[in-house]
Every structure is written in C-alpha cells, then in structure tokens.
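Chain residues, written in single-letter form:
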Amino acid sequence: GTVIHSISLTELEVLQNCFMLVDKSGKIQTLQADVQPEQIIAIVSDHGYAPDVFPVKYLRRGEFLCPGFVDTHNHAPQWAQRGLGIRGESLLDWLNKVTFAHEAKFADVEYAKRMYASCVAGFLQQGITTASYYGSHHGQATRILADVCVDKGQRALVGKCNMNRNAPEWYRDASVADSLRETRQLIRHVQDLDPENDLVKPILTPRFAISCESDLLQGIGEIAKEHPDLPIQTHFNEAQQEIQYTRQLFPQFRTEADLYRQYGLLNDRTILAHCIFLEEEEIQTLQHLRCGVAHCPISNTTMQEFMVAPIREYLRRGIKVGLGTDSGGGYSSSMLDAMKQAFIVSNARHMLTKGQDAPLSLAEGFFLATLGGAQVCGLEDRVGNFAVGKEFDALQIHTGELEQPGVMSPVEEDDSVLAIFEKFLMTGDDRNIVKVYVRGRSVKV
Ligand code: GUN
Ligand code: FE
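Residues numbered from 1 in each chain as written. Chains lettered and ligands numbered in written order. Predicted model: local features only at pLDDT ≥ 70, side-chain atom pairs only at ≥ 80, totals over all residues.

This part is about the overall build of the protein chain. Per the secondary structure count, the protein chain includes 15 helices and 18 strands. Against the 2.2 N^0.38 benchmark of 22 Å for 445 residues, the protein chain shows a C-alpha radius of gyration of 22 Å, consistent with a compact globule. Counting only C-alpha atoms, the protein chain reaches 70 × 50 × 40 Å along its principal axes. The 445 residues of the protein chain split such that 51% are buried. (Helix = DSSP H or I, 4+ residues; strand = E, 2+ residues; numbered from the N terminus. Rg over C-alpha atoms; globule rule 2.2 N^0.38 Å. Buried ≥ 20, exposed ≤ 12 C-beta atoms within 10 Å, placed from the backbone.)

Okay, here's the thing in structure tokens:
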C-alpha cells in the first residue's frame, strides 16, 4: 500500500504500491515502491524467507502507513490534570496551584500503577510510539512508569524529576543525597529491566534550575559524566517570569545556557524544552554542543505569557528540533494537535519577523513530529522513518470513506494521496489511527 515518511526536514517521501518487509525482531528488511502483489513472493524469497511464513497485509486507497509520533516532552504524572488551571495562568503559579498537588499523588504506589497504565495506553492510542517522560519526584512511582512502558511496549525515555526546592515540603526531594540516590536507582532499574529490547532508557531530569539547588545540579552533572550515553532533559528559557527568577537564584551565570553548561548538563543528548527567549550566545551554545529543542507550542500559547519560539531560526542554524505535547501543561496529549499548533505559532512568528521566518510547511511539521523528534531523543538510527535497518514503529491510518465515524475531512474520489495525508494531519484524530506498532509489535488496544 501507500507509505509516507520524512527523509529530511523538507523531503516527504510518498511511496505507492509499496512493499515493506519487517522481520521477527521488528526491523525493516526492505522497502520497495511500485511492487505488484505477484512480485512479493520473489522479494520475500530473495531475503531468504519461505514465502508462507509472512502474513501479508494489503492497504487500500485511503489507508497508509506512516512512522509513529515521537513526543519529545511529556509529563506522565500530569496525565490526570490536563486542561486544569492553565489558561492565562503564569507558569510558576500554575506549578504551585495545580501541578505539585497532582504530582504528589504518585507517592501512592497503587495510584501510580493505575494512572501510569492509563497514561501509557492513552499515548499509544494516539500514535505516540516514543515518549520522553518526566516522572514525578518519587523514585518508586518512576520505576513503575518504566515497568509500564516495557509491559505495554512503548519506546520511552523515563526520568525521575529532580527537585529539592521552591516546591512545597510535601512535594520535593528531601535532600540532594536523596535525589541523587533515587536517580541512580532508577538508572540501574531501567537498565536491568529491559537490556535486550532496550525500548526504555533512563534520562536525567532536573526539573529546571529554579527547583534545584546548586549542589543538586552539580551532582546530576557528575552522573552525566559517569554515564556518557545518558540523555538529559530540562525546561529551558520557557517564560520571562522563569528566566528572571533563575537569574535571581543564580546571579553568577550570564544566561540559562551558561548555567546548564557549567553544570555539565548540555551536550548532544540534551533535550531542552521550550527554548523561547534565547540570547544569541545561547543559540550558538546549542549549535556548538548539538543540544536538541523540544518545541511545545500548545503550553506555550495557553499560559499567561503567549510565547512564540523562534523555530525557523533553530532550523536555519541546523539545531535539532522535535515536537512535544508537554502534556499536561499542554492541554492536549495529541501530537496531531501539537503539530497544528506548531503551524499556527509559526504563522505568528512569520508576522512578528515581518516575513523573515517562513511558516512551517506540512512536510516540516510532520518531520518535527517524527524524524526530528527521533533526532532530538538520540534515536534517529533506530526510528523516525522507514529506512531499511530501522525498527518498525508505525501507524496504520484509515482515512475512511464517508460512512466511517469521525470528523476528518471526507476523502473524495479526486483526492491525491498527498491531499488525503494533509486531511489526516489537519482534521484527523486517533479514530483514524487504527493500528500502532512499536518494533513490529501491535500496541494499540
Ligand atoms: N517548568 C518546570 N516544571 C514545569 C512543568 O511541569 N511544565 C512546564 N510546562 N514547565 C515547567
Ligand atoms: Fe514541561
């Protein structure tokens, strides 16, 4: 059938009558366009397989495969608070009034099991095959989150949120030593959990500098040095209010980039969420250290400060960019919604720069949600598109005929494949995502 994926930021490849062969380990063995059904047996035999061992699935017009979505920034313990108290609220007030109380509930192990099962299933349902998760500050609940991802088959980076100040006494790490011990325990737990499949990895997750004392950031930087493969994530230049408070707390650093760099937290495995108000020298630091940007346009435009990240500038500089739902600061946990908001925000940027920064194209938006996100998460050798040798993380999309339920713009006879794809991205939802695969395993229930 039809297969659509990104080759680069601007190149969207549409393969028709495409045959894809996925082996038992979930790796893509071949990807070939313009194949007639009667050629399939020969191709399969060429790869050394008996023709009858593979079930072959045929897609019809209006159906296609695309890579799974990569959510580069997601707060798993905010799953049950999406939509609450965020409209027009300042970031720090929202954390204090709404968020910390919700995340604190994950002290209860049974609650964590129940809520994380719902959360991971909910994200898979929406086609998020890879997520970079912030857990709560609880070590045990975060280990449970990693267990749930392995069990349900979601590819994930899972981090225990480090935070030992500027949060209520009932929701923060008791000490620097405690915070670092729990972090190390999570790293061991995740590495032991799934060494063969390697679907789930630990990620260092200092919440942001406001919630970490200097000694804690120092300690996390030391863990990063000991484990050179570990990814790192934090919130970065998200709001003026947050930047000013960070400056008050850390007057010795010129900028946030200077701060995180000096603690050893900026490298080519770092995922920086938001990146709205960067000074030129900070952009250069991101460029030189090859840090990735998690663009979260929904939360950026729902809070009090309407925030427009200069994504075109980052792309122009060759900085890696992916999309994040920032669920629940982002009220929606749908990557389709995040992509649409990215288009809208890029229009705002186009206006603000008097036409200098072009709006994102459809191909670019889709790239950010898939291959761009994989690059940001350090997974571009494994997922993000259907290059031969990568793992099969895929969505089977049914855009349906008129009788199919849903609100998607109906497919008409004269629609090109690209028009159908555009209709899905702009008006489809999870009802159109009928199957979700992570490394060949069907994971949508
Ligand atoms: N900064 C620190 N914590 C958070 C959070 O939970 N969400 C967002 N959007 N920003 C943050
Ligand atoms: Fe966030």
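With that settled, consider the packing of helix 12 (residues 335–352) against helix 13 (residues 362–369). Between helix 12 and helix 13, the shortest axis-to-axis distance is 10 Å and the interhelical angle comes to 135°. Classified by the interaxial angle, the pair formed by helix 12 and helix 13 is oblique. The way helix 12 lies across helix 13 gives a crossing that is right-handed. For the pair helix 12 and helix 13, the contacting residues are Met335, Met339, Ala342 and Phe343 in the first and Gly365, Leu368 and Ala369 in the second. Its residues placed into classes, the contact of helix 12 with helix 13 shows six nonpolar, one polar and no charged. (Axes fitted to C-alpha atoms, helices over the stretch in contact; angles between N-to-C directions. Parallel < 35°, antiparallel > 145°, perpendicular 65-115°, else oblique. Left-handed = near helix turned anticlockwise from the far one by under 90°. Contact = placed C-beta atoms within 7 Å. Nonpolar A, V, L, I, M, F, W, Y, C, P; charged D, E, K, R; others polar.)

Let us now look at the sheet that holds strand 15 (residues 320–323). Strand order in the open sheet formed by four strands is 12-13-14-15, with parallel pairing between adjacent strands. The open sheet has two edge strands, strand 12 (232–236) and strand 15, and neither has a second partner. If you compare each strand with its neighbour and ignore which way they point, the axes differ by 25° on average. In this structure, strand 13 (residues 270–274) lies alongside strand 14 (residues 292–295), joined through three bridges in parallel fashion. By the bridge assignment, Ile271 is partnered in strand 14 with Gly292. (Pairing = 2+ DSSP bridges.)

Moving on, we get to the sheet that holds strand 7 (residues 128–134). Taken in spatial order, the four strands of this open sheet run 6-7-8-10, and their pairing is parallel. The sheet is open, and its two borders are formed by strand 6 (69–75) and strand 10 (200–202), each paired with just one other strand. Strand-to-strand twist in this sheet, taken as the mean axis angle between neighbours without regard to direction, amounts to 15°. Of the strand pairs in this sheet, strand 6 and strand 7 are connected by five bridges, and their pairing is parallel. By the bridge assignment for strand 7, Asn74 is matched with Tyr133. The strands that helix 4 (residues 139–152) touches are strand 7, strand 8 (155–159) and strand 10; relative to strand 8, the one it contacts most, it runs at about 175°. Sheet contacts for helix 5 (residues 176–193): strand 8 and strand 10; angle to strand 10, the most-contacted strand, approximately 160°.

Reports often express the size of an interface as the amount of accessible area lost when the parts come together. Domain assignment breaks the protein chain into domain 1 (2–67 + 384–442) and domain 2 (69–376). On a C-alpha basis, the centroid separation for the pair domain 1 and domain 2 is 30 Å. Each side of the interface is counted separately: domain 1 has 20 residues, and domain 2 has 25 residues. In terms of residue class, the side of domain 1 that touches domain 2 is made up of nine nonpolar, five polar and six charged. (Domains from an automatic or database assignment.)

Below, the discussion takes up the pairing of strand 15. A two-sided burial pattern is seen for strand 15, the buried positions comprising Lys320 and Gly322 on one face and Val321 and Leu323 on the other. Of the pairings in the sheet, the one linking strand 14 to strand 15 comprises four bridges and is parallel in character. Opposite Gly292, over in strand 15, you have Lys320 as the bridge partner.

Let us now look at the environment of Ser327. Relative to the elements of secondary structure, Ser327 occurs in the loop between strand 15 and helix 12. Of the residues examined, Ser327 has 31 C-beta atoms within 10 Å and is grouped as buried. Separated by 325 residues in the primary sequence, Ser327 and Thr2 have C-alpha atoms spaced 31 Å apart. For Ser327, the residues in contact, after removing those within four places along its chain, are Asn74, His75, Gln78, Trp79, Arg82 and Ser333.

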